[in-house]
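Spelled out from the first residue to the last, the chains are:
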There are 4 protein chains.
Amino acid sequence: MKRLKVGLIGTGYMGKCHALAYGNVRAVFGNVPAVDRELLCDVPMDKAKEIADQFGFARATDNWQQLVSDPAIDIVSITTPNKLHKEMAITAIENGKHVWCEKPLALTLADAEEMAAAAKKAGVKTMVGYNYLKNPLIAHAKQLIADGAIGRLLHFRGFVDEEYQADPSLAWTWRATKAEAGLGTLGDLGCHLVSIAQELIGPVASLTADMATVYPERPMPDGDGMGKVENEDVATAICRFENGIIGTLSSSRSAWGRKNHLAWELHGDKGMLIYDQERMNELRLFQNEGPVSEQGFRTILSGPTHPNYAKFCPSAGHGLGFNELKVVELADFLKAIDTDTRPYPDFDAAVEFEKVIHAIAQSAEEKSWVTL
Amino acid sequence: MKRLKVGLIGTGYMGKCHALAYGNVRAVFGNVPAVDRELLCDVPMDKAKEIADQFGFARATDNWQQLVSDPAIDIVSITTPNKLHKEMAITAIENGKHVWCEKPLALTLADAEEMAAAAKKAGVKTMVGYNYLKNPLIAHAKQLIADGAIGRLLHFRGFVDEEYQADPSLAWTWRATKAEAGLGTLGDLGCHLVSIAQELIGPVASLTADMATVYPERPMPDGDGMGKVENEDVATAICRFENGIIGTLSSSRSAWGRKNHLAWELHGDKGMLIYDQERMNELRLFQNEGPVSEQGFRTILSGPTHPNYAKFCPSAGHGLGFNELKVVELADFLKAIDTDTRPYPDFDAAVEFEKVIHAIAQSAEEKSWVTL
Amino acid sequence: MKRLKVGLIGTGYMGKCHALAYGNVRAVFGNVPAVDRELLCDVPMDKAKEIADQFGFARATDNWQQLVSDPAIDIVSITTPNKLHKEMAITAIENGKHVWCEKPLALTLADAEEMAAAAKKAGVKTMVGYNYLKNPLIAHAKQLIADGAIGRLLHFRGFVDEEYQADPSLAWTWRATKAEAGLGTLGDLGCHLVSIAQELIGPVASLTADMATVYPERPMPDGDGMGKVENEDVATAICRFENGIIGTLSSSRSAWGRKNHLAWELHGDKGMLIYDQERMNELRLFQNEGPVSEQGFRTILSGPTHPNYAKFCPSAGHGLGFNELKVVELADFLKAIDTDTRPYPDFDAAVEFEKVIHAIAQSAEEKSWVTL
Amino acid sequence: MKRLKVGLIGTGYMGKCHALAYGNVRAVFGNVPAVDRELLCDVPMDKAKEIADQFGFARATDNWQQLVSDPAIDIVSITTPNKLHKEMAITAIENGKHVWCEKPLALTLADAEEMAAAAKKAGVKTMVGYNYLKNPLIAHAKQLIADGAIGRLLHFRGFVDEEYQADPSLAWTWRATKAEAGLGTLGDLGCHLVSIAQELIGPVASLTADMATVYPERPMPDGDGMGKVENEDVATAICRFENGIIGTLSSSRSAWGRKNHLAWELHGDKGMLIYDQERMNELRLFQNEGPVSEQGFRTILSGPTHPNYAKFCPSAGHGLGFNELKVVELADFLKAIDTDTRPYPDFDAAVEFEKVIHAIAQSAEEKSWVTL
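Quick caveat: nothing in here was measured; it's all calculated off a predicted structure.

**Student:** What should I look at first to understand the pattern of salt bridges in this one?
**Tutor:** Two side chains that carry opposite charge are able to pair once their charged atoms sit near each other. As enumerated under the stated definition, the model contains 111 salt bridges over all chains in all. Notably, a salt bridge pairs Asp36 of chain A with Arg3 of chain A, separated by 2.9 Å at the nearest N-O pair. Taken together, the residues span a long stretch of sequence, with Asp36 of chain A in strand S2 (residues 35-41) and Arg3 of chain A in the segment before strand S1 (4-9) at a distance of 33 residues. A residue is classified by how much of its surface remains accessible, and Arg3 of chain A, at 48% relative accessible area, is partly exposed. Residue Lys178 of chain B is joined to Glu365 of chain B by a salt bridge in which the shortest nitrogen-to-oxygen separation is 3.9 Å. Taken together, the residues span a long stretch of sequence, with Lys178 of chain B in helix H7 (residues 178-181) and Glu365 of chain B in helix H11 (residues 347-366) at a distance of 187 residues. Through salt bridges that share partners, Arg3, Lys5, Asp36, Glu38, Arg59 and Asp70 of chain A make up one connected network.

Right, dumping it as structure tokens:
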């Protein structure tokens, strides 16, 4: 296997996640190419140097263009604010780099599609940070469905809620603007939910939706009056998947008490699956099997019989953490690069997810059903 | 207080619930009129006599017209199949009886409105069996909301699922026909959810909906081919309440593993409430109060500090059962009769609930928003 | 079936429970003798009359001796403070009455044994209020064990905690004295736990124990200094059952947050059962069956496939309440009277339970193993 | 800060955990010395080389004596079977290395004390792998206790169960022998529980205990008859802590369904704390505060307001995994080395934990109370 050299742009939470994943992916998985943490970009230069040292990167830069065109670099990680993804990703792609980009790809669907087209044209590999897909229990759920554990699928309900915009006294930020942030809760959270729904069931065909800005104004940070919140705090859609299954997709960024409530239930004609990301090491399964007096939802704890878990731990119930999902994501990316196969979810797949959130916004504005 | 004599029509599950409530309501509550179990109606007469003896009723009949016109009777309980409610209730009302009727009032909204009009005209008291409203924890939730415990209301999600139609091999019955059963899951379950949503938030103003018959055919009981299922197994609506709050209402009668999953979450700008009828003695409350490091959802166990609980038990956490909700319902009805005040929910209130389920069906058929 | 006339002594919480059970037992069960609520005893007479009227008793008295010797009475319910049980029960028994007595039978084991001997001599039927045994899910657990669902039994852990003595500022009462109350948490709560352990596993053979009075003093109610607490707030034993199984029995009456935490886990060589009375309609079962990747604890909701549940409700997951356990208890008692069979748990059985709590106290005082 | 070079002995699960911790500790924490993965030891040499490459170690050896005496090495990680710890650790210590050793230190208390004495004499730093202590929520619990959140401590119950020896058909291994494995469940699991109890409450002063080998024989791996199991599958103690608090400590390695059930509850005179390692990102807190009608156990999700969590993730509820506890453990060790302070828990602390498990075994054998 060829060693791969990586460049990382951005050192916020997701930047750190990428760095940690690079640091351990080979120790965890074994059968992936070795990666060298080569170049880290942040501004100003002092910060870049300091964090490069902490994160174990050999060099630092304050110029992302330099990073994406550095001939030594094989893979570029983009973890900057969403509005910057497009230019950085396309430039990196045009320089022949493989790109690991955080979600959502872009503020608009058109921009996301442009990014996907650029990657296709350049023939590079891409990966998008829909990390919840990488949970061993989500992979297990998918396998259970394929094996018929809950029978023919009938009905889906999915939610993704956090509380980071629940406090009405929080100051106005750029996140409240369409120009800087694009969609609200749909872009931050909703696209994760779509990625899961699509993973489990397939593409969404049509939907009707509503959305609400529950705090239409927020105090300006300088104490000077109120600023308008342009994007949605809450959004809900009723959808039909291509296979006819009826579903609900709902998201709030203003949900007190919810830290990472990416939760769903999937009804089948033989059983049901239930999941909540806040208990990411548990999957609940009901099956219409055995004596009725003994039936009930079973709480399955994640363990080495579930995909990839054993790479981290040989014992069930010890629990993976959020950051470890990024290691699985990276392993998948590295394997795809190494074997010249399609990574999942790449830019094309991400476009499919992000189509849905834009359709939800459109339906909510038009007050009518939208066909995808 | 005047003693009241009651007649009961129907001896299925709800008939038994009514009988048990009559048997104990005064022992439980004290401050309600004494009731005499006077006359019970079922067919054939042998069965009526046997059950009258078991249920502690003095007399039996196999003729409901006789019961509703018996001069000794003050209150008539109607627990027969839904399609029979209308004629029985209106006849009883026209005979000047107070009527305690199971839900939904009728198969169509027009019929329900006719029943409510009859009661209004006759000036009798009515009560409809939306028993989940009577849970001490629902009353407590309502009080918490009024006291501002979760602040301004922002968002509601409600569900009501059971599994009684989850098995695709279950035989076709009259429940599958619009003529005999009216709506499907909306009529059986959905109206309960609406009653709770309205109790906590207020009237629904508009909605968009979808519904699905996940088992379009069921085997005929005689083994002779398949019968068509005319009404819905699953229905979901996105709604706006009159006060602008955005909400979701969703119901399935084909949800494996769910026995009585009447569950909801109500988001406010200071906190959240969560409830699931399958754990009817628990209410979960999150409040944005105190140090963030100590915040979390609190599981409140029902106890004597919650409305009416102390009538049943002086100790918290001992737990009420489903049947005891009917005792509260009856106590409310008897008090309203005794004090000549309006019972809740009476036929008028039930019409308001049932309007919503019919609007959901209409929106799903028309594929457009419906205004109530 | 002969109709039976009952007399009730005591109208506190347990008195009300008995009254409610008498009021509904035949409507619920059908196949039990009809009971007439004949005579109620409390003091003063005004209170007795008022409550007799509320509880549906035909007559009232303020003299318990009169009640237990009234020739019309077949069954006497004793729900007075524990120290009064013995004299009332023995007098009733000597008058040929069947006796339904609340637990514990008496303050000392010698007294309890005397009561059991009196009942044996008189040949009357007795029943003791170990109501948690009557939960359909406990009966189901017992059946599961008998059916080998968890294999050979290996290990038991049981707890019973409440918070009624958790507040250090609560005033001193007679409950703190050995003379008036006997044991502390062991007598109030611990004996319930023993009843369950014995039901599931069998008799306890030996044990080592410790106990603590975590609030050795409490403020006197008149504000005049502190009063000594003579009995235990917390007690824990490690035991061996006669069949060799190792177990733990632990109880606290000073456990903040616990309302009715009668909880246990039973380990077998094929699985495990877990139960908590605060969720009395749930039983958790793990079985080493099927693919490891799908194993997990199953949450069984109580339903009509569990013993006696269907008498109350034909639908699973609707939930029974605490008071309904007393109805099952009474039904068992009435059936035993009707068929002249042994009721369970009668005075003899209760003596077996209560032996264990006294042995725990003895071991804790002697700091050594005690053999029963 | 001086860079530190590490040598790792053993590449099983714990070896991998150490390797991952070394790989990321500085990226996670920043303020710790950089570590170089210098030398890895396993047998045979081919395996050592292969894993050194995977784990990112510069060199490999198949000779542990060589590793512990290599002048380039500053820190030695020992993750070999327990019976090997003593010789490896003492040799490393005598070569002036800091030692990070997995738990338990040794098979006997005498051996553990010898190891601690060697470390003291040599003046090196030591750390023992009691990783559950490092959970941000355990640190938070400790802080809550110190802040009086649950008031004066009254009562503790702790459990640690797994199912790795639950299957009676599992073959006999060296784990079943006292000579090779020492204690059974007490050594594998029980010492973890003691570490938590001591962290939260303080030292244990005395105890009475029982233990059982629930599978006294296991099939020999070669199919040739049955082998004797010499050590305990289940052990339970009732203890008194030095501060007088009464407690229970119980462990089973044969508990079907339990994957990592290191669970405890701590009762105080103002509230209660509850924890279960299988939900390691949740801490439950009850406080006797506010209206009784709103009291309940609060489920606190781990987040950046809890010690060290923010190093891994800025968002609450995203969840840490088991492996990340080892990163905290290593960070604590590196900081202690860097600042020449006492690491916790070092060999001395571990001896204190391990004293208790040996006292439990002694009490169970002697059938009497043991004073520590």
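**Student:** Quick question: what am I supposed to make of the relation of the copies chain B and chain D here?
**Tutor:** Look at the two chain copies: a rotation about an axis and a shift along it is all it takes to match them. For the match of chain B to chain D, the screw axis carries a shift of 0.0 Å, the RMSD comes to 0.0 Å, and the turn is 180 degrees. Here the copies are linked by what is in effect a two-fold axis. In terms of proximity to the rotation axis, the leading residue of chain B is Arg298 of chain B, whose C-alpha is 2.0 Å off the axis. Looking at the interface residues of chain B, 100% of them are also at the interface in chain D, so both copies use one shared face.

**Student:** Please explain the sheet that holds strand S3 (residues 59-61) of chain D as it appears in this structure.
**Tutor:** To summarise the sheet geometry, strands pair through backbone hydrogen bonds and adopt either a parallel or an antiparallel arrangement. Residues and elements named next belong to chain D. In space, the 6 strands of this open sheet follow the order S3-S2-S1-S4-S5-S6, with parallel pairing throughout. In this open sheet, the two strands that pair with only one neighbour each are S3 and strand S6 (126-128). Neighbour-to-neighbour, the strand axes of this sheet turn through a mean angle of 20 degrees, independent of strand direction. Pairing analysis gives 3 bridges linking strand S5 (residues 98-101) to S6, with the strands arranged parallel.

**Student:** Quick question: what am I supposed to make of the interface of chain A and chain B here?
**Tutor:** One frequent convention defines the size of an interface as the accessible area lost when the parts assemble. Facing the 47 residues of chain A at the interface are 47 residues of chain B. When chain A packs against chain B, close to 3600 Å² is buried across both sides, 56% of that on carbon and sulfur atoms. Broken down residue by residue, the surface that chain A buries against chain B is led by Arg157, Trp256 and Trp369 of chain A, which jointly contribute 18%. Taken together, the connections running from chain A to chain B amount to 6 salt bridges. As a salt-bridge pair, Arg258 of chain B and Glu265 of chain A come within 2.9 Å of each other at their nearest N and O atoms. For the interface between chain A and chain B, the tally reads 15 residue pairs in polar contact (both at pLDDT 80 or more). Elements represented by at least two residues in the side of chain A that touches chain B include exactly strand S7 (153-161), strand S8 (204-212), strand S11 (234-241), strand S12 (246-252), strand S13 (261-268) and strand S14 (271-276) of chain A. When its residues are assigned to classes, the side of chain A that touches chain B shows 20 nonpolar, 14 polar and 13 charged.

**Student:** Explain helix H4 (residues 82-94) of chain A here, please?
**Tutor:** Helical geometry note: an α-helix holds 3.6 residues per turn, so side chains three or four residues apart project in the same direction. Residues and elements named next belong to chain A. Counted at 1.5 Å a residue, the expected span for H4 with its 13 residues is 18 Å, and the 19 Å between its end C-alpha atoms agrees. Restricting attention to buried positions, one finds in H4 the residues Asn82, His85, Met88, Ala89, Ile90, Ala92 and Ile93. Among the residues trailing H4, Gly96 stands out with phi positive, at a value near 80 degrees.

**Student:** Please clarify how the relation of the copies chain A and chain B should be interpreted in this entry.
**Tutor:** In the superposition of chain A on chain B (RMSD 0.0 Å, axial shift 0.0 Å), the rotation amounts to 180 degrees. Of all interface residues in chain A, 100% are interface residues in chain B too; the two copies therefore contact each other through one and the same surface.

**Student:** Would you take a moment to explain the packing of helix H2 (residues 45-55) of chain A against helix H1 (residues 13-29) of chain D for this structure?
**Tutor:** In a packed pair of helices, the relevant descriptors are the angle between the two axes and the axis-to-axis distance. H1 of chain D packs onto H2 of chain A with a crossing angle of 155 degrees between their chain directions and a minimal axis gap of 7 Å. In terms of orientation, H2 of chain A lies roughly antiparallel with respect to H1 of chain D. Taking contact as the criterion, the partners of Asp53, Gln54 and Phe55 of chain A in H2 of chain A are, on H1 of chain D, Arg26, Ala27, Val28 and Phe29 of chain D. Grouping the amino acids of the contact of H2 of chain A with H1 of chain D by side-chain chemistry returns 4 nonpolar, 1 polar and 2 charged.

**Student:** Before we go on, may I ask you to explain the interface of chain B and chain D in this structure?
**Tutor:** Counting residues at the interface gives 15 residues for chain B and 15 residues for chain D. Both faces combined, the contact of chain B with chain D buries some 1200 Å², and carbon together with sulfur accounts for 47% of it. Taken together, chain B and chain D are joined by 0 salt bridges. Seen at the junction of chain B and chain D, the total is 8 residue pairs in polar contact (both at pLDDT 80 or more).

**Student:** Got a minute to help me understand the pairing of strand S13 (residues 261-268) of chain B in this structure?
**Tutor:** Taken residue by residue, a regular strand's side chains alternate between the two faces of the sheet. All names here are of chain B. A large share of S13 lies buried, amounting to 8 of its 8 residues. Side chains of S13 alternate between two faces, with His261, Ala263, Glu265 and His267 and Leu262, Trp264, Leu266 and Gly268 buried alike. When strand S7 (residues 153-161) meets S13, the two strands line up antiparallel, connected through 8 bridges. Counterpart to Asp161 in the pairing with S13 is His261.

**Student:** Can you walk me through the packing of aromatic side chains in this structure?
**Tutor:** Each aromatic ring pair is described using two quantities: the centre-to-centre distance and the angle formed by the ring planes. On inspection of all chains with the given rule, the structure shows 42 aromatic pairs over all chains. On the numbers, 6.5 Å between centres and 85 degrees between planes, the contact of Tyr344 of chain B with Phe353 of chain B is edge-to-face. Residue classification places Phe353 of chain B among the buried positions, given a relative accessible area of 0%. By the ring-pair criterion, three or more aromatic residues cluster together here, those being Tyr13, Tyr132 and Phe322 of chain A. The positively charged end of Lys367 of chain A is found above the aromatic ring belonging to Trp369 of chain B, 3.6 Å away from the centroid.

**Student:** Can you walk me through the pairing of strand S16 (residues 297-301) of chain B in this structure?
**Tutor:** With respect to burial, S16 of chain B is a largely interior element, 5 of its 5 residues being buried. Across the two faces of S16 of chain B the burial is the same, with Phe297, Thr299 and Leu301 of chain B and Arg298 and Ile300 of chain B all buried. Pairing of S16 of chain B with strand S16 (residues 297-301) of chain D, which is carried by 3 bridges, proceeds in the antiparallel orientation. Considered in S16 of chain D, the bridge of Arg298 of chain B is made with Arg298 of chain D.

**Student:** Where do I start with the sheet that holds strand S4 (residues 75-78) of chain A in this structure?
**Tutor:** Residue and element names in this part refer to chain A. With respect to topology, 6 strands assemble into an open sheet ordered S3-S2-S1-S4-S5-S6, the strand pairing being parallel. Edge positions in the sheet fall to strand S3 (59-61) and strand S6 (126-128), since each of these pairs with one other strand and no more. Across this sheet, the average inter-strand angle for adjacent strands is 20 degrees, counted without regard to direction. Looking at chain direction, S2 and S3 are connected through 3 bridges and run parallel. Within the sheet, the bridge partner assigned to Leu39 lies in S3 and is Arg59. Contacts between helix H10 (residues 322-339) and the sheet are confined to S1, S2, S4, strand S5 (98-101) and S6, with S5 contributing the most and set at about 160 degrees to the helix.

**Student:** Would you explain helix H1 (residues 13-29) of chain C in this entry?
**Tutor:** Residue and element names in this part refer to chain C. The first and last C-alpha atoms of H1 sit 23 Å apart over 17 residues, in line with the 24 Å expected at 1.5 Å per residue. Along H1, the sharpest kink reaches roughly 40 degrees, centred on Gly23. Counting buried positions along H1 gives 17 out of 17 residues, so the element sits mostly inside the fold. In the stretch just after H1, Gly30 is the one whose phi turns positive, near 75 degrees.

**Student:** Sorry if this is basic, but what is going on with the environment of Thr11 of chain C here?
**Tutor:** Residues and elements named next belong to chain C. For Thr11, the position within the fold is in the loop between strand S1 (4-9) and H1. Measuring from C-alpha to C-alpha, the distance between Thr11 and His358 comes to 28 Å, with 347 residues separating the pair along the chain. Apart from residues no more than four positions distant in its own chain, Thr11 is found in contact with Lys16, Leu40, Cys41, Asp42, Lys47, Ile51, Phe55 and Thr79. A distance of 2.2 Å separates polar atoms of two side chains, one belonging to Thr11 and the other to Asp42.

**Student:** Would you mind showing me how to read the packing of helix H6 (residues 136-146) of chain B against helix H8 (residues 185-200) of chain B here?
**Tutor:** Residue and element names in this part refer to chain B. One way to put it is that H6 packs onto H8 with a least axis distance of 9 Å and a crossing angle of 30 degrees. By the angle between their axes, H6 is roughly parallel relative to H8. Residues Ile138, Ala141, Lys142 and Ile145 of H6 form the contact with H8, whose own contacting residues are Ile196, Glu199 and Leu200. Split into classes, the residues belonging to the contact of H6 with H8 amount to 5 nonpolar, no polar and 2 charged.

**Student:** Explanation requested: the state of the cysteines in the structure shown.
**Tutor:** Covalent bonding between the sulfur atoms of two cysteines defines a disulfide. Counted according to the given criterion, the structure contains 0 disulfides over all chains. Here Cys17 of chain C stays unpaired: no disulfide links it, and the sulfur of Cys313 of chain B, its closest cysteine neighbor, is 6.8 Å away.

**Student:** Would you mind going over the environment of Arg218 of chain B with me for this structure?
**Tutor:** Residue and element names in this part refer to chain B. Structurally, the position occupied by Arg218 is in strand S9 (residues 217-219). Looking at Arg218, the relative accessible area reads 2%, which means it is buried. Sequence separation between Arg218 and Phe57 is 161 residues; the distance between their C-alpha atoms is 40 Å. In contact with Arg218, other than residues within four places in its own chain, are Gln165, Asp167, Pro168, Ser169, Leu170, Ala171, Trp172, Gly225, Met226, Gly227 and Val229. A distance of 2.8 Å separates a polar side-chain atom of Arg218 from the backbone oxygen of Gln165.

Basis of the calculations
Residues numbered from 1 in each chain as written. Chains lettered and ligands numbered in written order. Predicted model: local features only at pLDDT ≥ 70, side-chain atom pairs only at ≥ 80, totals over all residues. Heavy atoms only, no water. Salt bridge = Lys/Arg side-chain N within 4 Å of Asp/Glu carboxyl O. Helix = DSSP H or I, 4+ residues; strand = E, 2+ residues; numbered from the N terminus. Buried < 20%, exposed > 50% of the residue type's maximum accessible area, 1.4 Å probe, protein only. Least-squares fit on C-alpha atoms with pLDDT ≥ 70 in both. Contact = heavy atoms within 4.5 Å. Pairing = 2+ DSSP bridges. Axes fitted to C-alpha atoms, helices over the stretch in contact; angles between N-to-C directions. Buried area = accessible area lost by both parts, 1.4 Å probe. Polar contact = N/O pair within 3.5 Å; in protein donor to acceptor, adjacent residues only side chain to side chain. Nonpolar A, V, L, I, M, F, W, Y, C, P; charged D, E, K, R; others polar. Expected span 1.5 Å × (residues − 1). Parallel < 35°, antiparallel > 145°, perpendicular 65-115°, else oblique. Phe/Tyr/Trp six-rings, centres within 6.5 Å; stacked < 30°, edge-to-face > 60°. Lys NZ or Arg CZ within 6 Å of the ring centre and 35° of its normal. Bend = angle between axes of the 7 residues up to and from the residue. Disulfide = S-S within 2.5 Å.

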